[in-house]
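Residues per chain are reported as follows:
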Amino acid sequence: MPSQQFHSLIAMVRARPVSPDATLSDLRDRFELVSDLFPLADDVTVLATQADGVPVEWIDTPESRPAEVLLFLHGGGYAVGSLNTHRHLVADLARAGHLRGLSTGYRLAPEHPFPAAIEDAAAVYRWLVNEGIDPARIVIAGDSAGGGLTLATLLTLRDAGDALPAAAVLLSPWTDLAATSESITAKAAVDPMLTPDDLHKYAAWYLGDRDRNDPLASPLYADLAGLPPLLIHVGTAEILLDD
């Protein structure tokens, strides 16, 4: 059953629809407000640092095992979201998996378009391995654009010959920036978070004039052979269902 926090978030989103004239700055500020609904538990510790120049946060709970890591890539259409907006989610996932969370503040579009986010995510993974963490003790996870970025990162690591992590978790992943799936229109009336126009806007910010079928931008079109096990979750009321 959805939590009261979830119902509060949906109520807030529906009560304050995004203006079609909202600027990118407005969208970023709005997303930051979400974190106010999800305060961290008192037993969660957060340590900000950098991984090969990329801002990251170690997020630990009493259940965390020091040699096992959840590398998390936040959602937000590659243009919004931050370490702050997803801190609570990373803490919950780390606690559930008895892992250390490592949340990644990759560069955002349109200031830093494709493939900057992939470069940052791959750099953080390689930094983690160089720090002595066994790839077999790493899980990469992400939500929405972060789910697509998780796949793109795995593809980049595979093609470069890096040792791959044990598994990956994709939460409502955005895998088709060409926006060709039926659910984008079929679920538009019931999705509480995203609209088809949102997808086109964020894709334009991230890719500019680049090919939206590029497998690293839209992993739906990629050859996934050789990737580690993938656990995928998505809701039936989401326009990203077919992704």
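Going by the structure above, here's the rest.
If you're wondering where the values come from, they're calculated on a predicted model, not measured in any experiment.

About the cut-offs
- Residues numbered from 1 in each chain as written.
- Predicted model: local features only at pLDDT ≥ 70, side-chain atom pairs only at ≥ 80, totals over all residues.
- Heavy atoms only, no water.
- Helix = DSSP H or I, 4+ residues; strand = E, 2+ residues; numbered from the N terminus.
- Rg over C-alpha atoms; globule rule 2.2 N^0.38 Å.
- Buried < 20%, exposed > 50% of the residue type's maximum accessible area, 1.4 Å probe, protein only.
- Contact = heavy atoms within 4.5 Å.
- Areas by Shrake-Rupley, 256 points an atom, 1.4 Å probe, with all protein chains shown as cover.
- Lys, Arg positive; Asp, Glu negative; His and termini not counted.
- Charge placed at Lys NZ, Arg CZ, Asp CG, Glu CD.
- Pairing = 2+ DSSP bridges.
- Right-handed = clockwise from strand over helix to strand, strands pointing away.
- Polar contact = N/O pair within 3.5 Å; in protein donor to acceptor, adjacent residues only side chain to side chain.
- Salt bridge = Lys/Arg side-chain N within 4 Å of Asp/Glu carboxyl O.
- 1 Å grid on protein atoms, 1.4 Å probe; cavity = no way out; pocket = protein on both sides within 12 Å on 5 of 7 lines; lining within 4 Å.
- Points joined across faces, edges and corners; volume = space filled by probe spheres on them.
- Nonpolar A, V, L, I, M, F, W, Y, C, P; charged D, E, K, R; others polar.
- Axes fitted to C-alpha atoms, helices over the stretch in contact; angles between N-to-C directions.
- Left-handed = near helix turned anticlockwise from the far one by under 90°.

A look at the overall build of the chain
In terms of helices and strands, the chain carries seven helices and seven strands. Ordered by position from N to C terminus, the α and β elements of the chain give α-α-β-β-β-α-β-α-β-α-β-α-α-β. A compact globule built from 243 residues should have a C-alpha radius of gyration of about 18 Å, and the chain, at 17 Å, falls within 12% of that. Viewed in the frame of its principal axes, the chain has a C-alpha envelope of about 45 × 40 × 35 Å. The proportion of buried residues among the 243 residues of the chain is 48%. Long-range contacts, defined as pairs at least 24 residues apart, comprise 79% of the intrachain contacts of the chain with a sequence gap of at least 6. For the chain, the accessible area works out to roughly 11200 Å², and carbon and sulfur atoms hold 56% of it. For the chain, the centre of its 16 positive side-chain charges and the centre of its 33 negative side-chain charges are spaced 2 Å apart.

Examining the pairing of strand β6 (residues 167-171)
Across the five residues that make up β6, a large majority, four, are buried. When strand β5 (residues 138-143) meets β6, the two strands line up parallel, connected through five bridges. Across the sheet, residue A141 finds its bridge partner in β6, namely V169. Of the crossover connections in this fold, the one passing from β5 over helix α5 (residues 145-160) to the parallel β6 is right-handed.

Some thoughts on the side chain of R87
Looking at the element boundaries, R87 is found in helix α3 (residues 87-97). Side-chain polar atoms of R87 contact the side chain of E57, separated by 2.8 Å. If we skip the residues at most four places from it in the chain, R87 touches L40, V46, E57 and I59.

What to know about the pattern of salt bridges
Tallying each qualifying case throughout the model produces eleven salt bridges. A salt bridge links R107 to E119; the shortest N-O distance between them is 3.2 Å. Of this pair, R107 sits in the loop between β4 (100-104) and α4 (116-130) while E119 is found in helix α4, placing the two residues twelve residues apart along the sequence. Salt bridges sharing common partners tie together D43, E63 and R95.

Quick word on the layout of surface pockets
Empty pockets left among the atoms are what a rolling probe the size of a water molecule brings to light. One number sums up the size of the second largest pocket: a volume of about 150 Å³. Along the walls of the second largest pocket sit 13 residues, with L151, T175, L224, I232 and D243 positioned nearest its centre. When the residues that make up the lining of the second largest pocket are grouped by side-chain class, the tally is eleven nonpolar, one polar and one charged.

As for the packing of α4 against α5
Put simply, α4 and α5 touch, their axes get as near as 9 Å, and they point 65° apart. In the crossing of α4 with α5, the sense of the turn from one axis to the other is right-handed. Residue-level contacts link A117, I118, A121, A122, Y125 and R126 of α4 to L149, A152, T153, T156, L157 and A160 of α5. Taken together, the residues that form the contact of α4 with α5 break down as nine nonpolar, two polar and one charged.

What to know about the sheet that holds strand β1 (residues 45-51)
Pairing in this open sheet of seven strands is mixed, and the strands run β1-β2-β4-β3-β5-β6-β7 from one edge to the other. Across the chains shown, the open sheet's two edge strands, defined by having one partner strand only, are β1 and β7 (230-233). Neighbour-to-neighbour, the strand axes of the sheet open up by a mean angle of 20°, direction not taken into account. With five bridges connecting them, strand β3 (residues 69-73) and β4 associate as parallel partners. Its bridge partner being in β4, V69 is matched across the sheet by R100. Relative to the sheet, α4 contacts β1, β2 (54-60), β3, β4 and β5, its axis offset from that of β2 by approximately 55°. Each of β3, β5, β6 and β7 is contacted by α5, which is oriented at about 140° to β5, the strand it contacts most.

What to know about the environment of L40
Here L40 lies in the loop between α2 (24-33) and β1. According to the relative accessible area criterion, L40 is partly exposed, its value standing at 30%. Considering only alpha carbons, one finds L40 and A237, 197 residues apart in sequence, at a separation of 28 Å. Those residues in contact with L40 that sit more than four places away from it in its chain are V46, R87, H88 and A91.

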